[in-house]
Structure formats: structure tokens, C-alpha cells
Amino acid sequence: MASLDTTQKEVSLHTSAEEAMETEEAGSSQAGAERQNPKHRLVHLDLKGAPPKISYLAQVIPLFKKFGATGLLVEYEDMFPYNGELRELAGAHAYSQEEIQQLQELAKEHDMLYVPLVQTFGHFEFVLKHDKFRHLREVDMYPMALCPSNAESLVVVKKMIDQLMAAHPDVRYLHIGADEVFHLALCKACKLRMAEQMWSDRQLFLDHIMTVLSYIKVMYPNVKAIMWDDMLRETSMAHLQAYGIGEMVEPMVWCYLPRLSGTFLTVSFEDLWKKYAAVFKSAWIGTAFKGATGSSQYIVPINYHLQNHLAWLAQLDNIPSSLTVQGWALTGWSRYDHYATHCELLPAAIPSLALCLQTVVHGGFTEDCAFHRKVSEELGFSQTLQVQVVPKIKTIAQEGRFPGAKLFQAVHVLVNLDADYIEFLNGDSRYTGWMTDYHVRKNFTNPCHLEFIIHVASRLQEEFSKLHREMDSCLSEVYDPSTVEEWLVVHFKSPIDKLSEILGTAKTQIERYSSKNTCSS
């Protein structure tokens, strides 16, 4: 495989196909005029895992715009260049202030909304992992959530907001995160405070969030705050109204499942919309085009994400007209949290993002719809994109004319190679039946079957090694060295080492038989 070609020619647009998509979009918009038609479609960049080089983002942002994106939701975490008292928070490969400015200019150039995200409660690992800030943890052992009863917590949060806003003086929205606060009201200070105030844990949560929101409103009066909604779902309407949170923030209601039901949501959407409509004036929808099907998933199950967007399109009719839906945020998670391994890479998810954006634009999707073919053509494929891609891909496309296409192809090759490897370890009767630990320990092996095992293991090892070299080249075009190293170690070291072990053992057994024959002669 050649190294990844990320030249500007890959994002050249075919005028006739673009005009056709615009014409179809106009017709689709008129057809769906009776229901809410959210105006914003934000593409989420989760930079806490596999943050792309700015040079790569400069090539794909025009593609986002082409397929229907109207803005970016940028989740920095340690990729923001914090300084001064917060300098420890910036990762080794954090963007520079100049690169942050360049990213905003790219969005402005393509008339896209820019929404930065700063964590203010949960998912605080990138802060609380440092000894300097450990005392702010809600639970000393766990670095996920800060303690809202520690006065220094708000000092740090405010400084983070100030540095972020100083680098984004023209933004209209600021996302404050506030999701998945798994450790809440557990420390002595929080329990004492709750007892004194006669609060529930949700009131403790609301008090902290309202303090953060009040600070934003005072210091940055022209900026509207957004927050994830999951911590509000089980909070009573009375408490939400009493705290006045509806005047301070717009909730981003998220669910990434193909069916918007089940154990993920503990309340029905009917009740949720009723409560939110009584509290808030407007809200956002959070979907996913990647990063929501497994913490170590590396292949994007396109159909899963299409079904998620179709489910949300169906849900639009259930949202009360009094609650304005501002837009969509198509999330693309790169890690489940700061300590997790990578999930799907952005280049591998470009086709999924394009189809999901177009599904939202047109209000639906079927495999034979016109834009499925048009998106496939625009991305450089001669056939329509496969949306069913797991557990094994029937036909690996050797085409693609978009930034990161070679990486997209390589990931698909890895899926099939991993499937062959797992089948060899667990399903191949020669290896599982004639080379168990017992057989090796007792030196009770059959050379005929060992030769077959060596043949298969050698082929797999060679293919893994070859793909490792190719992906090293592809990844290096898009990512910094630490990301490349992590991705290759996670996905290649274990199978290559295991195959080396199998080959060494099998060859040792073969040599034992050879030496016996030599002695006999």
C-alpha cells in the first residue's frame, strides 16, 4: 500500500454531482417543511484521542461542509494549549495557539459555526490525573469527577474557561460538557453540605452547574452555553425550574443507539420532552457517526450509525413545538475517556459521516436512495459504499479519493486479517486439536499437522507485518508520533507476538523430530 496521499486534489469537487445533491436537498427540505428542520449540523471533533494534524483537518473540513455540516463542535481536553498555572493540562502534542486560530479560520472560511467544549465537572481525568490537582477529586482513588464542594474546583474551572474563551473571542456558543458525573456526592464535604442544605445529589449537581453557567453569563454575556443532558434526565422538573437552568443553557439530548429506547434511557422520551419543553426554550440533538459501538472498535459499522440518525429523524415529530431544536451534533468519539484506548479513527469514518450528514439533510436513507450513490461517487468509489461491514467485509474497496482513503482501506484489510487470525486461534482444528499446551508439554505432536500450522501462522505473521508497515506510513500522514505508536502497538503487537510464539514452538517440535531422525540414521 502506498503512503497516504493527502494532497488537495483529493478534495476536488465534481460540480455536476454537487449541484445534483443541492437540488435534491432543496426538494427534501420542502418535503419536510411541516416538521422541525434544525438549522445547525455540527461535526464533533473529539481531540482527546487521535487528534489529527491541522493539515489533515484543513483537507476534510471542506468535505464536511460539502456533505451538509454547518459547524464544528471541538472537544479539546489536553489538546488545548493551557498555560500559566494550568500549563500541566496541555498534552505533549497539544495544538499551538496559532493552530487553534488556524482551525477557527478554516471554519470561518467555510461559513461554519465553531463551538468549543470545555469540561467542567465529569470527564475531568486530564486535569485530575496530575498530582497538582489530585486534591480536587470527588473520590481520591478515581480521577473522573471533581468535587463541587471544594472551593478550588471552581477556581480551576473558571481559569480553564477564561483561557479557552481568550483563544475563541468570537464564538457564539460554549459547550460545558457536564455529562457522566459518575462520582457525585460521595466525599465527606459533599455529604455534609447536602445534609446542611437538605439537598439531593441532583441539587448538588445543579448548584455547581448553575455557578459555572452564571460565571459564563456575567463574563461572556454574548455566549450561549450548551451542556449534555444525561445528568438532567432524572432530575425533577420542579428542581430544574427552581434553579432557573432553562434561562442559562441549552441541553444537548444525546443517544447513540439504533433504537432510542431500552436501558440506556431510564425515562421515556415522551416524559423527557414534556419536562424539557416546560424548562427550556431550545435544545440540541446528539447522534454519533463513530465511536459509540465499543471502546476498542476500529471499524465503523455504518449501518448502525445510519439507524441511529433515522431513529432521531423519527423522533423529531414527538418534540413539542414549544421546544426549538437548534440543531444536530454528529459526535465522533475517539476515546471513551482519557484513559481508554482509541476507537475508530476519523479517516476510517469519513464515509459514515458523509452518509449520516446526508441522511439528516434529506430526512431519510435507503440503500438504493440517490444520495447513497452520489456520496459514494464523490468519495471516489465506483460502487455504492457497503453499510454492513462487520464481522467480515465481503469486498474491500481498493478505491477512494478523499483525504485518508488509504487508511480507510487499511482498516478494512485489518478487519478481515483479524477475523482470519481469530479463526486460526479458536476455530482451526489443526492448531486447537494437535498443538495444545498439553501436547507441547508432553512432546506429543504430529509433524504433519505442525507443518500446516507453521504454514498458516507464517502467512498471517507476514500479512500482519506488511500491514503494520503500510499503516505506519498512512497514520504518520495524519497523526503525531505518539498516536501512531499507540495505535500500532494496540492492534498489531499482540497478534504478531502470539504468532511468533506459535511458530517458535512448532518449529522446536519439528526440530525434535528431525534430530531423532538424524540420530537414527
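Procedures and definitions
- Residues numbered from 1 in each chain as written.
- Predicted model: local features only at pLDDT ≥ 70, side-chain atom pairs only at ≥ 80, totals over all residues.
- Heavy atoms only, no water.
- Core = buried A, V, L, I, M, F, W, Y, C linked by side-chain atoms within 4.5 Å.
- Buried < 20%, exposed > 50% of the residue type's maximum accessible area, 1.4 Å probe, protein only.
- Helix = DSSP H or I, 4+ residues; strand = E, 2+ residues; numbered from the N terminus.
- Contact = heavy atoms within 4.5 Å.
- Salt bridge = Lys/Arg side-chain N within 4 Å of Asp/Glu carboxyl O.
- Phe/Tyr/Trp six-rings, centres within 6.5 Å; stacked < 30°, edge-to-face > 60°.
- Disulfide = S-S within 2.5 Å.
- Right-handed = clockwise from strand over helix to strand, strands pointing away.
- Pairing = 2+ DSSP bridges.

A. Quick peek at the nonpolar core. Within the largest apolar cluster, 158 residues are counted, with the highest numbers of intra-cluster contacts made by Phe 64, Phe 205 and Ile 245. For this core, the leading source of residues is helix H16 (residues 447–478), giving 12 residues. Setting aside its immediate chain neighbours within four residues, Ile 245 contacts Leu 206, Ile 209, Met 210, Leu 213, Met 227, Leu 232, Leu 240, Val 279 and Phe 280.

B. Representation of the pattern of salt bridges within the structure. Using the criterion set out here, one finds 15 salt bridges in the structure. Between Lys 66 and Glu 378 there is a salt bridge; the shortest N-O distance is 3.5 Å. Of the two residues, Lys 66 is situated in helix H2 (residues 54–66) and Glu 378 in helix H12 (residues 370–378); the sequence distance between them amounts to 312 residues. Judged by its relative accessible area of 5%, Glu 378 falls in the buried class. Between Glu 247 and Lys 281 there is a salt bridge, with the nearest N and O atoms lying 3.6 Å from each other. With Glu 247 in the loop between helix H8 (237–243) and strand S8 (249–254) and Lys 281 in the loop between helix H9 (269–279) and strand S9 (282–290), this residue pair connects regions lying 34 residues apart in the sequence. For Lys 281, a relative accessible area of 56% translates into the label exposed. Each of Asp 46, Lys 48 and Glu 75 takes part in salt bridges that share partners, so that together they form one network.

C. Examining the packing of aromatic side chains more closely. If you walk through the whole model with that rule in mind, you get 20 aromatic pairs. When the ring of Phe 121 is compared with that of Phe 205, the centres are 5.5 Å apart and the planes differ by 5 degrees; the resulting orientation is stacked. Residue Phe 121 is found in the loop between strand S3 (113–117) and helix H4 (125–128), and its partner Phe 205 is found in helix H7 (residues 201–219); the two are separated by 84 residues along the sequence. Summarising the burial analysis for this pair, Phe 121 and Phe 205 share the class buried. Their ring planes at 90 degrees and their centres at 5.4 Å tell us that Tyr 173 and Trp 284 sit as a pair that is edge-to-face.

D. Inspection of the state of the cysteines at higher detail. Following the criterion strictly, the structure yields 0 disulfides and no others. With no disulfide of its own, Cys 147 has Cys 187 as its nearest cysteine by sulfur position, at a separation of 3.6 Å. You can see Cys 187 has no disulfide; the closest cysteine sulfur is in Cys 190, sitting 3.6 Å from it. For Cys 187, a relative accessible area of 14% gives the class buried.

E. The pairing of S8, seen in detail. Taking burial as the measure, the 6 residues of S8 include 6 buried ones, the bulk of the element. Of the two faces of S8, the one carrying Val 249, Pro 251 and Val 253 and the one carrying Glu 250, Met 252 and Trp 254 are both buried. Crossover strand S7 (residues 224–228) to S8 through H8 is right-handed. In terms of strand pairing, S8 meets S9 through 3 bridges, oriented parallel. Bridging from a neighbouring strand, Trp 254 pairs with Gly 286 of S9.

The values reported here are purely geometric and, on their own, carry no functional implication.
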